[in-house]
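Analysis of the macromolecular model
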Amino acid sequence: MDHCHTSDLISLEQALEKLLAQTVPLTNTETISLTESAGRITATDIISPINVPPFDNSAMDGYAIHVADLSDHQTLPVAGKALAGAPFQGEWPAGSCIRIMTGAPIPSGADAVVMQEQTEVTETGIRFTSPVTQGQNIRTVGEDITQDAVVLPKGIKLSTAQLPLIASLGIAKVNVVRKLKVAIFSTGDELQAIGEPLQAGQIYDTNRFAVRLMLEKLDCEVIDLGVIRDDPATLRQTFINADKQADLVISSGGVSVGEADYTKQILDEVGKISFWKLAIKPGKPFAFGKLENAWFCGLPGNPVSAVLTFYQLVQPLIARLSGFTTWQPPMRLTAKATTPLKKSAGRLDFQRGIAAINENGEFEVKTTGHQGSHIFSSYSAGNCFIVLERERGHVVVGETVHIEFFNHLLQNQ
Ligand code: AMP
Ligand code: MG
């Protein structure tokens, strides 16, 4: 297959465009507890019910004053105390100050807080040793967030950068997009389940495990339908069954032109599916389309290709389907190649590399070695994709290349 003409291949960008143009986000939403919402996508804007801070308060431990009092006196007696959670109450006589702690409500009428390092305790009261400006050290009501403001937009993924912010507004429940239900299965008579001994000609099923892990990282609900034999009746039944339960069905294997590849024939019967030859390496064959109910992605059988096509195509598709409108593709950076990279022109290569920063603060990248689409260890050895343009040939040491660091789908950092 590597020797076929490259003119009938479609580019990754074209494939992505087609895939996104055909699909629409889920519209089902649910309201869930904030404590259970990590990883979920906001279905509506999040509006602040309160001002933050909710009242003027002190940014320092020190003394609250009326600035005008200092024109007559440099020393003010202490008339009371304001603590965080225990506001000053009572009369505040003119010409005095209030001891105040960080976070305590500003006593009514105070227009500055002087930090205690800029004061001295004397027999007649507190002496102010530095010039004072109006409003200093006062955190004003609504300074961070005003009531009714949009704090977070619809279409973002909730995580540590957002959830504490929502909690700080006292919001206990959030409206999120329902989890995407994804049915997965592997196809192939040669596939053996892990934990079982290998018989002649068998290999273990890598892809279902990989796909499942990536779907879990993308916060999908996974419906695992196991390994399906290369038998047309079983395959047909599996597609029909998967389609009934899921929003998206993902299979692996059987989308190339091998003899036992029944998937194509069956999919022509049960859905409207396109079979693409992608101009990327690894991962040329890829099927995409619609079953009766669910969307369908057919990943290539070779494990490196299955993961790569999932990463480059299914990941943005899932973002799209689950309403994650602010999703960003992995960032591409430039790096200097420190090993030669074998490449033939015609396809966009996603080789696995090991990138690091050299003593000049620049990225350098070397190959993980053998780049075959069955060499899964290239993922565990690497930390990035080396992305080599379609028309590019071999890369020699010192050339600049693009890299994409693996994101959380491939490694935890
Ligand atoms: P296929 O696309 O079904 O022709 O498979 C292409 C290659 O990938 C063959 O060498 C298969 O044995 C291998 N393969 C297919 N599915 C899997 C899987 N789930 N895990 C590991 N290897 C697989
Ligand atoms: Mg197969």
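Bear in mind the structure is a predicted one, so any value in this text is a computation, not a measurement.

Observations regarding the packing of helix α4 (residues 232–245) against helix α5 (residues 263–270)
Interhelical geometry of α4 versus α5 gives an angle of 45 degrees and a closest axis separation of 10 Å. Regarding the angle of α4 to α5, the classification is oblique. Considering only the axes of α4 and α5, their crossing is right-handed. When α4 is examined against α5, the residues P232, L235, R236, F239 and I240 are found in contact with a partner set consisting of T263, I266, L267, E269 and V270. Across the contact of α4 with α5, the residue classes tally to 7 nonpolar, 1 polar and 2 charged.

Some words on empty space enclosed by the protein
One pass over the structure, following the stated rule, counts 1 cavity of 30 Å³ or more. Taken as a whole, the largest cavity spans an internal volume of roughly 40 Å³. Elements supplying a minimum of two residues to the lining of the largest cavity: β14 (181–187), α3 (207–217) and β18 (248–252). Residue composition of the lining of the largest cavity, grouped by class: 5 nonpolar, 4 polar and 1 charged.

A short note on the domain arrangement of the protein chain
Per the domain assignment, the segments of the protein chain are domain 1 (12–28 + 180–322), domain 2 (31–52 + 145–177), domain 3 (57–139) and domain 4 (332–405). For domain 2 versus domain 4, the separation of C-alpha centres amounts to 39 Å.

Description of the pattern of salt bridges
According to the stated counting rule, one finds 13 salt bridges in the structure shown. Notably, a salt bridge pairs R236 with E269, separated by 2.8 Å at the nearest N-O pair. Residue R236 is found in helix α4, and its partner E269 is found in helix α5; the two are separated by 33 residues along the sequence. Owing to a relative accessible area of 28%, R236 belongs among the partly exposed residues under this scheme. Take E269: its relative accessible area is 47%, and that puts it in the partly exposed class. Residues joined by salt bridges that share partners form a network here, namely D205, R208, R212, E216 and D224.

Some thoughts on the site of ligand 1
The local shell around ligand 1 holds 17 residues, among which E190, D205, T206, G254 and G301 are the closest. E190 is positioned such that a nitrogen or oxygen atom in its side chain is 2.5 Å from an oxygen atom of ligand 1. Between ligand 1 and G254 there is a distance of 2.8 Å, counted from an oxygen atom to a backbone nitrogen or oxygen. Surface burial for ligand 1 is 78%, taken as the share of its 480 Å² of free accessible area covered by protein chains. In this structure the site holding ligand 1 corresponds to the largest pocket. Of all elements in the fold, only β14 and β16 (203–204) reach the threshold of two or more residues within the shell around ligand 1.

Basis of the calculations
- Residues numbered from 1 in each chain as written.
- Chains lettered and ligands numbered in written order.
- Predicted model: local features only at pLDDT ≥ 70, side-chain atom pairs only at ≥ 80, totals over all residues.
- Heavy atoms only, no water.
- Axes fitted to C-alpha atoms, helices over the stretch in contact; angles between N-to-C directions.
- Helix = DSSP H or I, 4+ residues; strand = E, 2+ residues; numbered from the N terminus.
- Parallel < 35°, antiparallel > 145°, perpendicular 65-115°, else oblique.
- Left-handed = near helix turned anticlockwise from the far one by under 90°.
- Contact = heavy atoms within 4.5 Å.
- Nonpolar A, V, L, I, M, F, W, Y, C, P; charged D, E, K, R; others polar.
- 1 Å grid on protein atoms, 1.4 Å probe; cavity = no way out; pocket = protein on both sides within 12 Å on 5 of 7 lines; lining within 4 Å.
- Points joined across faces, edges and corners; volume = space filled by probe spheres on them.
- Domains from an automatic or database assignment.
- Salt bridge = Lys/Arg side-chain N within 4 Å of Asp/Glu carboxyl O.
- Buried < 20%, exposed > 50% of the residue type's maximum accessible area, 1.4 Å probe, protein only.
- Near = heavy atom within 4 Å.
- Polar contact = N/O pair within 3.5 Å; in protein donor to acceptor, adjacent residues only side chain to side chain.
- Areas by Shrake-Rupley, 256 points an atom, 1.4 Å probe, with all protein chains shown as cover.
- Sits in = over half its atoms within 2 Å of the grid points.

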